[in-house]
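Summary of structural features
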Amino acid sequence: MIGRRNLALTALSALMTIALPARAQAPSLADAAGSYSISSSSRIHFTVGQTGGGGGIAGNFAKFSGKFRIDGGNVAHSSVEFTLFPDSVRARERRIENFLRSSAVFDTANFRTVTFRSTSVTQTGPDRATVEGAMTARGKTRKERFAVTLTDWDRRSISFTIRGSIRRAPYGMDVGTPIYSNVVEFDMDIKGLRR
Amino acid sequence: MLRNGENGFGTITIVLHWTIALLILGLMLIGFVMRRIEIDPALQFSLYQWHKSLGFTALGLAALRAIWWLADRTPRPVPGLRPFENFAARETHGILIILGLITPLAGWAVASASTLNMPSFYFNIIVIPHLPLSQSESSEAFWAITHAFLAYVMLALVAIHAAAALYHHFVRGDEVLIRMLRSRLGSSDVGAVDGREADNAAAGRK
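Residues numbered from 1 in each chain as written. Chains lettered and ligands numbered in written order. Predicted model: local features only at pLDDT ≥ 70, side-chain atom pairs only at ≥ 80, totals over all residues.

**Re the overall build of chain A**
- Looking only at helices and strands, one finds 2 helices and 11 strands in chain A.
- When the 195 residues of chain A are sorted by exposure, 29% land in the buried category.
- Within chain A, contacts between residues separated by at least 24 positions form 54% of all contacts whose residues are at least 6 apart in sequence. (Helix = DSSP H or I, 4+ residues; strand = E, 2+ residues; numbered from the N terminus. Buried ≥ 20, exposed ≤ 12 C-beta atoms within 10 Å, placed from the backbone. Contact = placed C-beta atoms within 7 Å.)

Here is the structure:
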């Protein structure tokens, strides 16, 4: 913990001493302290591999909301809340979208949201962190983990790429296995707007 | 006896006939339920996979059946069959053997042409590659209609085929159905001349 705090402080002091040129350096989580709401311009992309290769199932979620707070003094105290509306799923074909919305997968008629609430944030590099939290889908809550990389920030906004591999079977969404992988790969570009 | 005789079917023909018959009727039932009835989407997905795996099995057996039909001899018609009946029976059997092959092939074409590009994972054991067809909505729709049409034609012919067999059994009281139910002992085929007597003897022993 001391190491991480030192790292954050070093980054912060480096920013203060070299002022303007600091923007040219790799972005640092600690410098981006503040509260943000997740912009609708963010991109929530997912893929599910299929047996024997091929494209598998890929898509995006168009509707979501969330907020997060980066604690500059201690990144570990940062937090995030995220809500996804699976009804907004977009895939290659309408029939895939309808299947994903159906009772076989998200069951959007009965479960309107998928939520994630962080329980711990661990900084793994100046611009990286692992976020652990409780994900709730189809009424089931499980601990999941995402890898977060800070890609850009300025005074008003901040951007991350977030990756995570979620097993779907524990949420009662095992339909299609083993033709389609049990693991859903999330690849998200999240943009936060300072509140 | 494994092979067909002069006056009766061998075990291979009989086993293939009934296995394929059972498979095809099951496939038609699954096909109808998964396409024409509003059911649970997860169950529907599962039925599609069963339909594909069983369909590939039916295709394999139908190919064996066709090869065996060409390679092995065809028993003589049951005595007392009118020429028209014999002709109709032969035509029906030939068409059924062809439909048994091309209907599952058309089903394979549906899976291959589908824009879903979903692998055919045979009983979750091995991936069967797609046929080299272009994947498009129109191509998929064409093959789906063709597959269904062939299946309905086959169903109609199966109904006629089964009705004819039952008619022969219950109304005419001849051997038509019986000889697809049990194989004769080899003695029936010792000679064509005294075949009838040997048949009776063989039938009596059972």
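Alright, that's what it looks like, and here's the rest.
**Topic: the overall build of chain B**
- Secondary structure assignment for chain B yields 6 helices and 2 strands.
- For chain B, the proportion of its 206 residues judged to be buried stands at 24%.
- Counting contacts in chain B only where the partners sit at least 6 residues apart, residues at least 24 apart contribute 66% of the total.

**A look at the interface of chain A and chain B**
- With 14 residues of chain A at the interface, the matching set in chain B holds 11 residues.
- In terms of residue class, the side of chain A that touches chain B is built from 5 nonpolar, 8 polar and 1 charged. (Nonpolar A, V, L, I, M, F, W, Y, C, P; charged D, E, K, R; others polar.)

**Digging into unusual backbone geometry**
- Of the consecutive residues Thr177(A) and Pro178(A), the connecting peptide bond is found in the cis state with omega at 5 degrees.
- Turning to its location among the elements, Pro178(A) is positioned in the loop between β10 (157-167) and β11 (180-194).
- Positive phi, normally seen in glycine, also occurs at Phe123(B), with a value near 45 degrees.
- Position of Phe123(B) among the secondary structure elements: in the loop between β1 (120-122) and β2 (126-128).
- Despite not being glycine, Asn124(B) shows a phi value in the positive range, around 55 degrees.
- Take Asn124(B): it is sitting in the loop between β1 and β2.
- Classification of Asn124(B) as exposed rests on a count of 12 C-beta atoms within 10 Å.

**With respect to the UniProt feature "transmembrane region" (unreviewed entry) in chain B**
Residue and element names in this part refer to chain B.
- If you check UniProt for "transmembrane region" (unreviewed entry), the listed places come out as residues 12-34, 54-71, 92-111 and 141-167 in our numbering.
- With 100% helix and 0% strand, the stretch residues 12-34 has end C-alpha atoms that lie 32 Å from each other.
- The straight-line gap between the two end C-alpha atoms of residues 54-71 is 25 Å; of that span, 100% is helix and 0% is strand. (UniProt positions renumbered as here; feature names shortened; annotations may be inferred.)

**A look at the UniProt feature "domain: Cytochrome b561 bacterial/Ni-hydrogenase" (unreviewed entry) in chain B**
- Within this structure's numbering, the places UniProt gives as "domain: Cytochrome b561 bacterial/Ni-hydrogenase" (unreviewed entry) are residues 9-182 of chain B.
- Helix makes up 74% of residues 9-182 of chain B and strand 3%. Its end C-alpha atoms lie 8 Å apart.

**Overview of the UniProt feature "domain: Lipid/polyisoprenoid-binding YceI-like" (unreviewed entry) in chain A**
- Per the UniProt annotation, the sites labelled "domain: Lipid/polyisoprenoid-binding YceI-like" (unreviewed entry) are residues 35-193 of chain A.
- Between the end C-alpha atoms of residues 35-193 of chain A there is a gap of 8 Å, over a span that is 5% helix and 59% strand.

**Observations concerning the packing of helix α3 (residues 83-113) of chain B against helix α4 (residues 137-172) of chain B**
All names here are of chain B.
- Relative to each other, α3 and α4 sit at 155 degrees, their axes nearing to 8 Å. Considered as vectors, α3 and α4 are oriented roughly antiparallel to each other. As for how α3 packs across α4, the hand of that crossing is left-handed. (Axes fitted to C-alpha atoms, helices over the stretch in contact; angles between N-to-C directions. Parallel < 35°, antiparallel > 145°, perpendicular 65-115°, else oblique. Left-handed = near helix turned anticlockwise from the far one by under 90°.)

**Some thoughts on the nonpolar core**
- Membership of the largest hydrophobic core comes to 37 residues, with the highest contact counts inside it found for Leu29(A), Ala32(A), Val75(A), Val105(A), Ala129(A) and Val131(A).
- By size, the runner-up hydrophobic cluster in this structure holds 8 residues, among which are Trp108(B), Ala109(B), Val110(B) and Ala111(B). (Core = buried A, V, L, I, M, F, W, Y, C linked by C-beta atoms within 7 Å.)

**Some details on the confidence of the model for chain A**
Residues and elements named next belong to chain A.
- Considering every residue of chain A, the mean pLDDT works out to 88; 86% of them sit at 70 or more.
- Here helix α1 (residues 2-18) stands out as the element of chain A with the lowest mean pLDDT, 45, in contrast to strand β6 (residues 89-91), whose mean of 98 is the highest.
- Low confidence marks residues 9-24, where pLDDT is under 50. Its contacts with residues over four positions away, or in another chain, come to 9 contacts. (pLDDT = per-residue confidence, 0-100.)

**Considering the pairing of strand β5 (residues 79-84) of chain A**
Residue and element names in this part refer to chain A.
- Judged by which residues are buried, β5 turns out to be one-sided: Val80, Phe82 and Leu84 face inward and are buried, whereas Ser79, Glu81 and Thr83, on the alternate face, are not.
- Sheet analysis places strand β4 (residues 64-70) next to β5, joined by 6 bridges and oriented antiparallel. Across the sheet, the residue bridging to Arg69 is Ser79, located in β5.
- Bridge count for β5 against strand β7 (residues 114-125) is 4 bridges, and the pairing is antiparallel. By the bridge assignment for β7, Thr83 is matched with Thr115. (Pairing = 2+ DSSP bridges.)

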